[in-house]
Amino acid sequence: MALGVGALQAGGAPEAVADILIEYGEQLGIAFQIADDLLDLSSPDAFTGKERGQDLLAGVPSLPVLLAREDTDPRDAELRELIEAGSAAGADWHLRVLELFPSSRATARAEEIMHQRLARAKEALESLPPLLKRAAHSTPSATSWPSVPAERNRELAMSQETAPRTERAATHHRAAELARRRREVLQGDPKATEAQHAKGKLTARERIELLLDEGSFQEVEPLRRHRATGFGLEDRRPYTDGVVTGWGTVEGRTVFVYAHDFRIFGGALGEAHASKIHKIMDMAIAAGAPLVSLNDGA
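Caption draft 1: Here's a closer look at the packing of aromatic side chains. Applying the stated criterion to the full structure yields one aromatic pair. Ring geometry for W247 against F256: centres 6.1 Å apart, planes inclined by 40°, an arrangement best described as tilted. Relative accessible area serves as the criterion here: at 5%, F256 is assigned to the buried category. The side chain of K201 reaches across the aromatic face of F262, ending 4.1 Å from its centre.

So, in structure tokens, the structure goes:
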């Protein structure tokens, strides 16, 4: 969720890319959680830095435990009975469970599901545009990540058939809301746009489109708004705060750009406005790329 929503909020990422990142993050998060559950049941204490079986003693319904309860294989009958009985089976019941778990069908099945989730995460990345795909594959291999488990909601460790769907629905709702706001930013105020054209001037976005190669512009902080109060400003907080910032290419070469948007506060400088310009300047310096300023402000 964080990847996709962050991509939309930061700006420049199409909805399709955000959906891919949401899917990637969810699948990878589930794999991490399963790995964490397996570490608690199967790894030496010295490896994890904590005593094994803590989740088991706490009654946490991890995926491996749920699979062991559902397993009907006679070879794992003792494991299943111990888990069902819990402390009623004796003070050291969990020690015997930890002995049985590594070779159980539940462990093998949990590992299989974990690798399936990792495969789905990798498949999601294959749908990214070529440039983003290369960046994604330049990170460490996902197959090594389960040894560093992430904190995830325990419910996400369940299989897709039994896991609650509420989090996924909430994720897509938030992503849809961010996408709606971004469309609102791109459209702008129709009346203000008409007034700008009546003066024989282009809008900030139209000027950027003329400057850069078609489709190359990646906007930065399109949802940024001012924090000023007084004179009714707290009720007028338009997105972008009067300046459009980002990067793109000119004849294939990277160029950073900012353009004052006269339609919003006459393109006048404010705290958020100035902060966006400062940020894009820093990005241009870090990238060693040119910066173009398109001025049209008070």
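Resuming the write-up.
Caption draft 2: Expanded view of the side chain of R80. By the secondary structure assignment, R80 is in helix α6 (residues 77-85). Buried and without a salt bridge, R80 has D71 as its closest oppositely charged side chain, separated by 4.8 Å. With residues near it in sequence (within four places) discarded, R80 still touches A68, R69, D71, T72 and D73.

Caption draft 3: The arrangement of the sheet that holds strand β3 (residues 253-260) in detail. On the basis of which strands lie adjacent, the open sheet formed by four strands has the order β1-β2-β3-β4 and mixed pairing. The two strands at the open ends of the sheet, each matched to only one other strand, are β1 (218-220) and β4 (291-294). The average undirected angle you get between the axes of adjacent strands in this sheet is 25°. Relative to the sheet, helix α13 (residues 271-287) contacts β1, β2 (243-250), β3 and β4, its axis offset from that of β3 by approximately 165°.

Caption draft 4: Spotlight on the pairing of β3. Counted residue by residue, β3 has six buried out of eight residues, so it is predominantly covered. Both β2 and β3 contribute to a ladder of eight bridges, which runs antiparallel. Its bridge partner lying in β3, G248 is registered against V255. Pairing of β3 with β4, which is carried by four bridges, proceeds in the parallel orientation. Its bridge partner lying in β4, V257 is registered against V292.

Definitions and cut-offs
- Residues numbered from 1 in each chain as written.
- Predicted model: local features only at pLDDT ≥ 70, side-chain atom pairs only at ≥ 80, totals over all residues.
- Heavy atoms only, no water.
- Phe/Tyr/Trp six-rings, centres within 6.5 Å; stacked < 30°, edge-to-face > 60°.
- Buried < 20%, exposed > 50% of the residue type's maximum accessible area, 1.4 Å probe, protein only.
- Lys NZ or Arg CZ within 6 Å of the ring centre and 35° of its normal.
- Helix = DSSP H or I, 4+ residues; strand = E, 2+ residues; numbered from the N terminus.
- Lys, Arg positive; Asp, Glu negative; His and termini not counted.
- Salt bridge = Lys/Arg side-chain N within 4 Å of Asp/Glu carboxyl O.
- Contact = heavy atoms within 4.5 Å.
- Pairing = 2+ DSSP bridges.
- Axes fitted to C-alpha atoms, helices over the stretch in contact; angles between N-to-C directions.

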